[in-house]
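Fold and geometry: a report
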Amino acid sequence: MDIWQVLESILVVVLVIFVATGAVPVVTAAFHFLMVPLHAVLNHYRQADAYFPRVAVLIPAWNEAVVIRATIERMLQLSYPAERLRIYVIDDASTDSTPELMAELSVQHPGQVFSLRREQGGQGKAHTLNHGLEIVLGDDWAEAVLITDADVIFTPESLEKMTRHLADPKIGAVSAYIAEGSRDRNYMTRFIAIEYVLSQLAARRAQNVLGAQACLAGGAQLHSRANLEAIGGRIPTGTLAEDTVATFESQLRGRRMLFEPHAVVLAEEPRTIDAIWKQRLRWARGNVQVSWIYRKVWFRPGRGHHLGNIAFGLSWFSIFLLPFAMVLSSIGLIGLLLLQSDLAQTVFRALWVTASVSFLFSMLVGLQLDPRTGRRSWREAFLFPGLISFVVMIAALFPGLIEEWLPSLFGLRLLPVGETTLTVFVYVWISAAMLGAWGARAVEKTRVGRWLAPLLLYLVGYGPMLCAITVDSYIKEWRHADASWIKTEKVGRVLG
Amino acid sequence: MSELTRVQTERARHVLRRDARRELWLIPQALVAVIIVVAIVWVRQAFFV
């Protein structure tokens, strides 16, 4: 064997490893979904009890006149002792009619609704919340603090389902299930609804089992007073992921964070690619910052917290590094195609059969967790990775069905040149789908964008769009791009 | 404990027990998912490979 053959063998092994990285995120996801049924027995319900602490609700608000009244009125209808609930709206120097509306609501509900105003606003949600926390924690009344958003509607039993876990002093904070709650849904809100089922009802149950939560939902996080005081009585500022940093800091101080799947709150979500891109870019950039800040925590199982768990770290980085995995996978496949096309085919099939089985299992578990969302959004569930990838999955599961049997019905047969072109296309598609998502965002602003953007998104997939946003976040962080707070516009579409 | 608080506590405990029981459904739901995936893999092995 000469030196070139040795080098080629080494290169082939490296390329196979590249392709295998593409399977890591899906296998990790499937592993997490396998832990969901464990939540049936490994949960916190036995330690929970009926518990009604005095709760101060903090609602940061900037120009929220359209939504704030409905939010407060629904909050006052909660099945929770009225004398143990106070609502504080922290008006971040609104320029609309929010101050007048709040003045009216405080008069209508004396001792229950309070309006706090910052004259100098615009520093972001964490600063606004800290203004409220300083006042709320300044006296002894509040035993727990619920942090929420101005557009989030709490279902009647949701708060008491959260407070019951605080009966156990080991629990520092509890998060609820934020469901997409728009009255008039479109393709984007249906995709988001499915994403929330997977990322909350499934993934956060798995995180309950693992004993570590990645992030408490910013729209519904209930902290015990002791937990907030332990992290300094304020929400950490300086990153774009204040919710995640607060969640990590609390866990590092030895308190457990919990997700309560039966506490349901409804929120209004973005309806366009551009709107979700801006929102998720903020979250993704926050995650880049968190990955760096807690670099000494990952993969180091420690005492007192579970953030260093191997499984938890794999879960975090399989999402954070998913775009890298997709690009490496494509590079590996194209390289193998040039060197050993038969091996490329075998590895490709193994990758996609693994991906298809993992995806199918994850979706089938997810759809049953919230049957109402499942019934409304099952198409978006199966087209989550995109129509093209869905067809590739069918081809991987049932070899010959798409590329031979279907054309043969029409008397057609794939020519060698067509076969090569198609092979290169599907090998590259894993990463090219992200570019497709970028394209969908670009066409959305054009005259044909109204129908072309959704069509493109169904083709390339919602999942690849999230990966494209993650890539954008790497670029923006690398360039130290402007990180000023951009508020997601809310117009009061949540079911009343 | 006042009468109102007692009633609320009883109701909250009832809701807690109900939610704990609901979590048990996760096991058959996962089994359904496994059965469907296994069936699809079986069809693949039996008719396509």
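Rules and cut-offs
- Residues numbered from 1 in each chain as written.
- Chains lettered and ligands numbered in written order.
- Predicted model: local features only at pLDDT ≥ 70, side-chain atom pairs only at ≥ 80, totals over all residues.
- Core = buried A, V, L, I, M, F, W, Y, C linked by C-beta atoms within 7 Å.
- Buried ≥ 20, exposed ≤ 12 C-beta atoms within 10 Å, placed from the backbone.
- Helix = DSSP H or I, 4+ residues; strand = E, 2+ residues; numbered from the N terminus.
- Domains from an automatic or database assignment.
- Contact = placed C-beta atoms within 7 Å.
- Expected span 1.5 Å × (residues − 1).
- Bend = angle between axes of the 7 residues up to and from the residue.
- Pairing = 2+ DSSP bridges.
- Nonpolar A, V, L, I, M, F, W, Y, C, P; charged D, E, K, R; others polar.

Some details on the nonpolar core
Generally speaking, nonpolar side chains in soluble globular proteins are found buried as a group. All names here are of chain A. Of all hydrophobic cores here, the largest spans 148 residues; its most connected members are L58, Y88, A202 and V265. Among the elements that take part in this core, helix α13 (residues 341-369) stands out by supplying 14 residues, more than any other. In this structure, this core is formed jointly by two domains, domain 1 (42-302) and domain 2 (319-478), each of which donates at least three residues. Not counting chain neighbours up to four residues away, the residues in contact with L58 comprise Y88, I90, L129, G132, L133, V136, V145, L146 and I147.

Description of the interface of chain A and chain B
Size of an interface: often given as the accessible area lost when the parts come together. Taken together, the contacts link 25 residues of chain A with 24 residues of chain B. When residues of the side of chain A that touches chain B are traced back to their parent elements, those giving at least two are α6 (158-163) and α13 of chain A. Considering each element in turn, the side of chain A that touches chain B owes the most residues, 6 residues, to α13 of chain A.

So, helix α7 (residues 187-210) of chain A
Helical geometry note: an α-helix holds 3.6 residues per turn, so side chains three or four residues apart project in the same direction. All names here are of chain A. In a regular helix each residue adds 1.5 Å, so 24 residues correspond to 34 Å; α7 covers 33 Å between its end C-alpha atoms and thus fits that length. Considering bend angle alone, the principal kink of α7 is centred on A203 and spans about 30 degrees. Burial within α7 is extensive, with 20 of its 24 residues counted as buried. Where α7 ends, the next residue or the one after it, G211, has phi of about 90 degrees, a positive value.

What to know about the pairing of strand β7 (residues 220-224) of chain A
Residue and element names in this part refer to chain A. Burial of β7 is extensive: 5 of the 5 residues sit out of reach of the surface. By the alternation rule, side chains of β7 split into A220, L222 and S224 and Q221 and H223, which are all buried. The pairing of strand β4 (residues 144-148) with β7 spans 5 bridges and is antiparallel. Each bridged residue has a counterpart across the sheet, and for A144 the counterpart in β7 is S224. Looking at chain direction, strand β6 (residues 171-180) and β7 are connected through 3 bridges and run antiparallel.

Looking at the domain arrangement of chain A
Residue and element names in this part refer to chain A. One can read the domain layout of chain A as domain 1 (42-302) and domain 2 (319-478). Inter-centroid distance (C-alpha atoms) of domain 1 to domain 2 is 34 Å. Listed per partner, the contact involves 21 residues of domain 1 and 27 residues of domain 2. At the level of elements, α7 and α10 (273-293) are the ones that each hand at least two residues to the side of domain 1 that touches domain 2. Each residue belonging to the side of domain 1 that touches domain 2 can be placed in one class, and the counts come to 13 nonpolar, 3 polar and 5 charged.

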